[in-house]
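A look at the structure
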Amino acid sequence: MSKVGVVGGGLMGAGIAEVCARAERDVIVVESDQPAADSARARLEKSLHRAAERGKIEDADAVLDRISVVTDLDALADRELVVEAIVEDEDAKTELFRRLDKVVESEDAILASNTSSIPIMKLSVVTSRPQHVLGIHFFNPVPVLSLVELVPSLTTSDETTERARAFIHDGLGKHAIDCQDRAGFVVNALLIPFILSAIRMMESGFATAEDIDQGLVRGAAHPQGPLALADLIGLDTTKAVAESLYEEFKEQLYAPPPLLARMVDAGLLGRKTGRGFYTYS
């Protein structure tokens, strides 16, 4: 699959576009409007030039030349793989998959979602090609982390799954793990209750954010604490994943704490807004 499309040029979408372009794929990124497209392009330029400075790639401009950022979804007509990386909202994603089903011309093209929690079956059934729909879930920062969750639904063909696996392993040099099509898949089904527990601990006044995080970093050898990680993920995304997990399993450990909901309502979403559990310059 040499022609890749990515819908959404935020942190995850830009990261997916970058690793595909670094693997010498022709990449088209689609954003909702021109200001968003300009931001996505700037995000890619910054990341690739930083990678070149660190010796990770030889020529940032050569990689950038393989990426087009546009605002017209019809530009994806000739793509062999399209990865959706928009907001973690089921209605938005299902509407996008309806549109992609009509836009992408090749019957063999794979339509993939980078969702971190929404069951793939809910996306595949709105298309006329459910056998070619699956989840390909990358982790942030995409150029750094090697893991990808591969999530076929009940209707995904074995051939589609193996083509996706070959692209991940051989094309991108990443490691795929197989996940059942259940909300949260493997990583978030374990990670989100851990983060929510840390938020409840802080909310109750049991310990400060700094002490909770330092406890896990210095006492359990975690690379960063759960609250700093929530800020990196985005508190809106953390809440959305928690709600998806709670909707599916109805277990209290998945219920978003009131503090998380209030912070999202206030626009305190973590690193991307400059303030979450910590303040960022």
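To be clear, the structure that these remarks concern was listed above.
Residues numbered from 1 in each chain as written. Predicted model: local features only at pLDDT ≥ 70, side-chain atom pairs only at ≥ 80, totals over all residues. Heavy atoms only, no water.

1. A closer look at the overall build of the protein
Broken down by element type, the protein carries eleven helices and eight strands. Taken over the C-alpha atoms alone, the protein extends approximately 55 × 45 × 35 Å along its principal axes. Considering only intrachain contacts with a sequence separation of at least 6, the fraction spanning at least 24 residues in the protein is 67%. For the protein, the exposed surface amounts to about 13200 Å²; the carbon and sulfur share of it is 50%. Side chains of the protein carry 29 positive and 44 negative charges; the gap between the two charge centres is 4 Å. (Helix = DSSP H or I, 4+ residues; strand = E, 2+ residues; numbered from the N terminus. Contact = heavy atoms within 4.5 Å. Areas by Shrake-Rupley, 256 points an atom, 1.4 Å probe, with all protein chains shown as cover. Lys, Arg positive; Asp, Glu negative; His and termini not counted. Charge placed at Lys NZ, Arg CZ, Asp CG, Glu CD.)

2. With respect to a negative patch on the surface
Negative charge collects at one region of the surface, where Glu-58, Asp-59, Asp-61 and Asp-65 lie side by side. One can find Asp-65 in the loop between helix H3 (60-64) and strand E3 (67-70). When its relative accessible area of 65% is taken as the criterion, Asp-65 is described as exposed. (Patch = residues over 30% accessible without salt bridge, like charges linked within 9 Å, V, L, I, M, F, W, Y side chains within 5 Å. Salt bridge = Lys/Arg side-chain N within 4 Å of Asp/Glu carboxyl O. Buried < 20%, exposed > 50% of the residue type's maximum accessible area, 1.4 Å probe, protein only.)

3. Observations regarding the pattern of salt bridges
A side chain with one charge can pair with a side chain of the opposite charge if their charged atoms come near. Under the definition given, this model contains 14 salt bridges. Two residues, Glu-45 and Arg-41, come together in a salt bridge whose shortest N-O distance is 3.8 Å. Here Glu-45 pairs with Arg-41, and both are found in helix H2 (residues 34-53), just four residues apart, close to one helical turn. Residue Glu-45 is classed as partly exposed on the basis of its relative accessible area, which comes to 33%. Overall, the relative accessible area of 25% leaves Arg-41 in the partly exposed class. In this structure, the salt-bridge partner of Lys-93 is Glu-84, at a minimum N-O distance of 2.3 Å. You'll find Lys-93 and Glu-84 in the same group, each marked buried.

4. A few points about the nonpolar core
Of all hydrophobic cores here, the largest spans 38 residues; its most connected members are Ile-16, Cys-20, Val-27, Ile-67, Leu-81 and Ile-136. Sorting elements by how many residues they give to this core places helix H1 (residues 11-22) first, with six residues. Excluding residues within four positions of it along the chain, Val-27 makes contact with Val-4, Val-6, Ala-17, Cys-20, Ala-21, Arg-66, Ile-67, Ser-68 and Arg-79. If you look at the next biggest cluster of nonpolar residues, it comprises 22 residues, including Leu-196, Ala-242, Leu-245 and Leu-268. (Core = buried A, V, L, I, M, F, W, Y, C linked by side-chain atoms within 4.5 Å.)

5. Structural notes on the packing of aromatic side chains
In this structure the tally under the stated criterion is one aromatic pair. Relative to Tyr-254, the ring of Phe-249 lies with its centre 5.6 Å away and its plane at 40 degrees, an arrangement referred to as tilted. (Phe/Tyr/Trp six-rings, centres within 6.5 Å; stacked < 30°, edge-to-face > 60°.)

6. Digging into the side chain of Glu-149
Mapped onto the elements, Glu-149 comes out in strand E7 (residues 147-152). Here Glu-149 is buried and forms no salt bridge, its nearest opposite-charge partner Arg-182 lying at an N-O distance of 11 Å. For Glu-149, the side chain forms a polar contact with the main-chain nitrogen of Val-186, separated by 3.2 Å. Among residues more than four places away in sequence, those in contact with Glu-149 are Gly-135, Ile-136, His-137, Phe-139, Ile-177, Cys-179, Phe-185, Val-186 and Val-187. (Polar contact = N/O pair within 3.5 Å; in protein donor to acceptor, adjacent residues only side chain to side chain.)

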